[in-house]
Amino acid sequence: MSSSSSKLDLAARAAWMYYVAGNTQNEIAERLGISRQMAQRMVAYAGASNLVKVQITHPISSCLELAQGLQQRYGLDVCRVVPGSEAAGGDDAQGTQQMLAVAGAELMEQYLRQEQPLIVNVGSGRTLKAAIEKISEMDRPQHQIVSMIGAFASDGSANRYDVALLAAEKMQSRFYLLPAPRVAESEADRKQWCNHRAYQIVTGLAQKADVTFLGIGTIALQGAMHEDGFIDDDEVAQLQKQGAVGELICHAFDADGKLLRSPLAARITTPPLKSPPDRPVIAMAGGRKKAAAVRAALRGGWLTGLVTDEYCAQFALQDD
């Protein structure tokens, strides 16, 4: 996304909030993470660019309405909805992911640029990785970046979408990996890993996190956990039979967002999330294949924030 297009998007957001939602410039500045002077300039720029007429003539306006709808229905503190061809029946998954990455990076930087020391939990996922790749490099050695998922598979291979290290390198921050396989060989094996002192130190730090960023996965053949070899065909089929539609940091849930008890769940080393969260938990996911999982995660009350696309937002606002 070009800088001029990004500026128009920001101006459209500010104008929609000012003219449609009735927010003050101070409120706009706070919600967008910019100064009051910048908020004032963006509202003025929207007018000068002919975005403001009877309605805001920019595709982002419908996205803002969807975001507000998601916030109201699911009690989110923050929500970003990006345009996507998939909302109109297209299949530009890569283009949608890039727009999600831009919006996700913008939101993440609002937290990461803070001067006070932060503990930041980071999950995994393709969209989350794409967002972190777009974050500007910054000098934040006072932050601590904690990986939320096991560092390797049972065969010792690493997960290429475990992106906490990438985030730490971007900010020159301290990095903590979770010293365990993502899925243990057995329940007894899991207990051994989770009782290790290093594991306890990292998970103890994760419990104190100021903000958590993660992706939302699907339980399906060629879903991330299956594609990366953490679950096999039979385990996918078994979870689907139980009603699984998605996963958050490896924990599978059904269409209502309820965690599922299963032989797999007893082997997952990732510490579970809280519902409702007591601190910011922001997910990034979009595309037609993720719609059911995104809606279920919202229904389960696992999130305080979401970056998604039009199709998923519309799906999540539909009644069954």
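This text follows the structure it describes.
The shown structure was predicted, so the numbers you read here are calculated from the model rather than taken from an experiment.

What counts and what doesn't
- Residues numbered from 1 in each chain as written.
- Predicted model: local features only at pLDDT ≥ 70, side-chain atom pairs only at ≥ 80, totals over all residues.
- Heavy atoms only, no water.
- Buried < 20%, exposed > 50% of the residue type's maximum accessible area, 1.4 Å probe, protein only.
- Helix = DSSP H or I, 4+ residues; strand = E, 2+ residues; numbered from the N terminus.
- Pairing = 2+ DSSP bridges.
- Right-handed = clockwise from strand over helix to strand, strands pointing away.
- Core = buried A, V, L, I, M, F, W, Y, C linked by side-chain atoms within 4.5 Å.
- Contact = heavy atoms within 4.5 Å.
- 1 Å grid on protein atoms, 1.4 Å probe; cavity = no way out; pocket = protein on both sides within 12 Å on 5 of 7 lines; lining within 4 Å.
- Points joined across faces, edges and corners; volume = space filled by probe spheres on them.
- Arc of directions from axis to C-beta.
- Salt bridge = Lys/Arg side-chain N within 4 Å of Asp/Glu carboxyl O.

Engineer: Go over the pairing of strand β2 (residues 119-122) with me, naming the residues and quoting the values.
Structural biologist: Side chains of β2 alternate between two faces, with Ile119 and Asn121 and Val120 and Val122 buried alike. Of the pairings in the sheet, the one linking β2 to strand β3 (residues 144-152) comprises four bridges and is parallel in character. Within β3, the residue paired with valine 120 across the bridge is isoleucine 145. As a crossover connection, the stretch from β2 through helix α6 (residues 126-134) into β3 is right-handed. Relative to strand β5 (residues 211-215), β2 is paired through three bridges, and the arrangement is parallel. Across the sheet, residue valine 120 finds its bridge partner in β5, namely valine 211.

Engineer: For the nonpolar core, give the residues involved together with the corresponding values.
Structural biologist: By size, the foremost hydrophobic cluster in this structure holds 61 residues, and its most contacted members are Leu70, Ile216, Leu248, Leu298, Leu303 and Leu306. Once residues lying within four places of it in the same chain are set aside, the contact partners of leucine 298 are Leu70, Tyr74, Leu76, Leu303, Leu306 and Ala316. Listed in part, the 29 residues of the second largest apolar core include Ala101, Ile135, Met138 and Ile282.

Engineer: Tell me about empty space enclosed by the protein, and name the residues and values.
Structural biologist: Summed over the entire model, instances satisfying the criterion amount to one cavity of 30 Å³ or more. Its volume calculated, the largest cavity comes out at about 50 Å³. Lining the largest cavity we find Leu248, Ile249, His251, Phe253, Leu259, Pro272, Leu273 and Trp302.

Engineer: Before we move on, can you summarise helix α9 (residues 197-206) with the specific residues and values?
Structural biologist: All of the buried residues along α9 are Tyr199, Val202, Thr203, Leu205 and Ala206. With its buried residues spanning 155 degrees around the axis, α9 presents them on a single face. Against β2, β3, β4 (174-181) and α8 (187-194) lie the buried residues of α9.

Engineer: Before we move on, can you summarise the pattern of salt bridges with the specific residues and values?
Structural biologist: The full count for this structure, using the stated rule, is six salt bridges. Arginine 113 is paired through a salt bridge with glutamate 109; the nearest N and O atoms lie 3.2 Å apart. Judged by its relative accessible area of 38%, arginine 113 falls in the partly exposed class. The class of glutamate 109 is buried, set by a relative accessible area of 15%. A salt bridge links glutamate 235 to arginine 267, with the nearest nitrogen and oxygen atoms 2.9 Å apart. Taken as a pair, glutamate 235 in helix α11 (residues 233-241) and arginine 267 in the loop between β8 (251-253) and β9 (281-284) lie far apart in primary sequence, 32 residues in all.

The values reported here are purely geometric and, on their own, carry no functional implication.
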